[in-house]
Amino acid sequence: MKQAIVTGASKGLGKSFAHLLASRGYDLLLIARSEKILTEESNVIAKQYGVKASALSVDLSEADAVVVVIRWCEQHQFQPSVLVNNAGYACWGYFDKIDLHQHRQMMQVNMSCLVNLTHGLLPLLRKNNPSFILNVASTAAFQAVPSMTLYAASKAFVRSFSRGLRYELRNSSISVTCLSPGPIATNFIQQAGMEAMQDTAKKFEMTADQVAKKGLDAMFKGKAERIPGVLNYLTVKLSFILPDSLLEKIAGDLYLTKIK
């Protein structure tokens, strides 16, 4: 069945994923916290592509969010063959200066929700052949990033989880792909309060449509990973060569000096 779920779908990269999947004829379940924006976007997609696009407003930082999603799928007989775990965000600043509750909420969205949703939807994904899971990590997954210490760690978790799960499912109908983008022209920087990094990010950023297309292409080809953008790819490869201490100093000099 050509049905897909996209988290964090109201704007940015998630919105691009939704449009591209709809253009391929997928009916959609779009998940995000912003009910008004999400509903408007689902209506636009349904009209533009002639598919069914449903909006489910859920705060993924809440522990019971996944239960709501699974229940919705059961009630509406929605049987996805694609799951795009896109929802995620960053907290920027010195680790001990950020409220622990904020850290916990970010971990819930970036890691726990992704794991719980994947676990809960695997039985439905198994009913379709083939099925695909696309988990969105970051180039930050490949090194420690002072000032985004926990965010980088959460994305390293996503990458490791994706590769391990992919191997476990290697003989099944489900393929798992991890997408690790660099800077993207979305509201990520504003949401993280990183406006001081805006000019630097613009030098390297890609559009959300570019990144989403490369991610979906890799997913449908059954690739394990995709790092979109030549500079991002080279930066990641360099991280395997240079000492961790040097990489951490470079990142620290770049980010920590911008914190007021």
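Details of the structure are given in the entry above.
Predicted model, so just to flag it, every value in this text is computed and none were measured.

> Requested: an account of the overall build of the protein chain, with residues and values cited.
In terms of helices and strands, the protein chain carries 10 helices and seven strands. Viewed in the frame of its principal axes, the protein chain has a C-alpha envelope of about 50 × 40 × 30 Å. Relative to its full complement of 260 residues, the protein chain shows a buried share of 48%. Taking the contacts inside the protein chain whose residues are at least 6 apart along the sequence as the reference set, 73% of them involve residues at least 24 apart. As displayed, the protein chain offers around 12,800 Å² of accessible surface, 53% of which is attributable to carbon and sulfur atoms. Of note, the protein chain has its 29 positive side-chain charges centred 7 Å away from the centre of its 20 negative side-chain charges.

> Now, about the packing of helix α4 (residues 100-125) against helix α5 (residues 149-168): what can you tell me, with residues and values included?
As a packed pair, α4 and α5 sit with axes 10 Å apart at the nearest point and diverge in direction by 10°. It follows from the interaxial angle that α4 and α5 lie roughly parallel. Only Leu150, Tyr151, Ser154, Lys155, Phe157, Val158, Phe161 and Leu165 of α5 make contact with α4, whose side of the interface consists of His103, Met106, Met107, Asn110, Met111, Leu114, Val115 and Thr118. For the contact of α4 with α5, the per-class residue count stands at 11 nonpolar, four polar and one charged.

> Talk me through the environment of Thr39; I want residue IDs and the actual numbers.
Looking at the secondary structure, you find Thr39 in helix α2 (residues 35-49). As a C-alpha pair, Thr39 and Val230 span 191 residues in sequence and 35 Å in three-dimensional space.

> Describe α2, with residues and values.
The end-to-end C-alpha distance of α2 is 21 Å, a good match for the 21 Å that 15 residues give at a rise of 1.5 Å each. Here α2 has its buried residues at Leu38, Glu41, Ser42 and Ile45. Relative to the axis of α2, the buried residues are bounded by an arc of 105° and lie together on one face. Relative to its buried face, α2 has exposed residues pointing more than 90 degrees away, namely Lys36 and Lys47. For α2, the secondary structure elements touched by its buried residues are α1 (12-23), β2 (27-32) and β3 (53-57).

> How would you sum up the packing of helix α3 (residues 65-75) against α4? Please name residues and give values.
Orientation of α3 relative to α4, taken along the N-to-C sense of each, is 20°, at an axis distance of 9 Å. As the angle between them shows, α3 and α4 are arranged roughly parallel. In this structure, α3 crosses over α4, and the sense of that crossing is right-handed. Residues Val66, Val69, Ile70 and Cys73 of α3 form the contact with α4, whose own contacting residues are Cys113, Asn116, Leu117, Gly120, Leu121 and Leu124. The residue inventory of the contact of α3 with α4, partitioned by class, reads eight nonpolar, two polar and no charged.

> Describe the sheet that holds strand β1 (residues 3-7), listing the residues and the values that go with them.
Strands sit in the order β3-β2-β1-β4-β5-β6-β7 across an open sheet of seven strands; the sheet is parallel. The open sheet has two edge strands with one neighbour each: β3 and β7 (225-226). For β1 and strand β4 (residues 82-85), the ladder comprises three bridges, and the chain directions are parallel. The residue of β4 that forms the bridge with Ile5 is Leu83.

The rules behind each value
- Residues numbered from 1 in each chain as written.
- Predicted model: local features only at pLDDT ≥ 70, side-chain atom pairs only at ≥ 80, totals over all residues.
- Heavy atoms only, no water.
- Helix = DSSP H or I, 4+ residues; strand = E, 2+ residues; numbered from the N terminus.
- Buried < 20%, exposed > 50% of the residue type's maximum accessible area, 1.4 Å probe, protein only.
- Contact = heavy atoms within 4.5 Å.
- Areas by Shrake-Rupley, 256 points an atom, 1.4 Å probe, with all protein chains shown as cover.
- Lys, Arg positive; Asp, Glu negative; His and termini not counted.
- Charge placed at Lys NZ, Arg CZ, Asp CG, Glu CD.
- Axes fitted to C-alpha atoms, helices over the stretch in contact; angles between N-to-C directions.
- Parallel < 35°, antiparallel > 145°, perpendicular 65-115°, else oblique.
- Nonpolar A, V, L, I, M, F, W, Y, C, P; charged D, E, K, R; others polar.
- Expected span 1.5 Å × (residues − 1).
- Arc of directions from axis to C-beta.
- Left-handed = near helix turned anticlockwise from the far one by under 90°.
- Pairing = 2+ DSSP bridges.

Nothing here speaks to function; it is all geometry.
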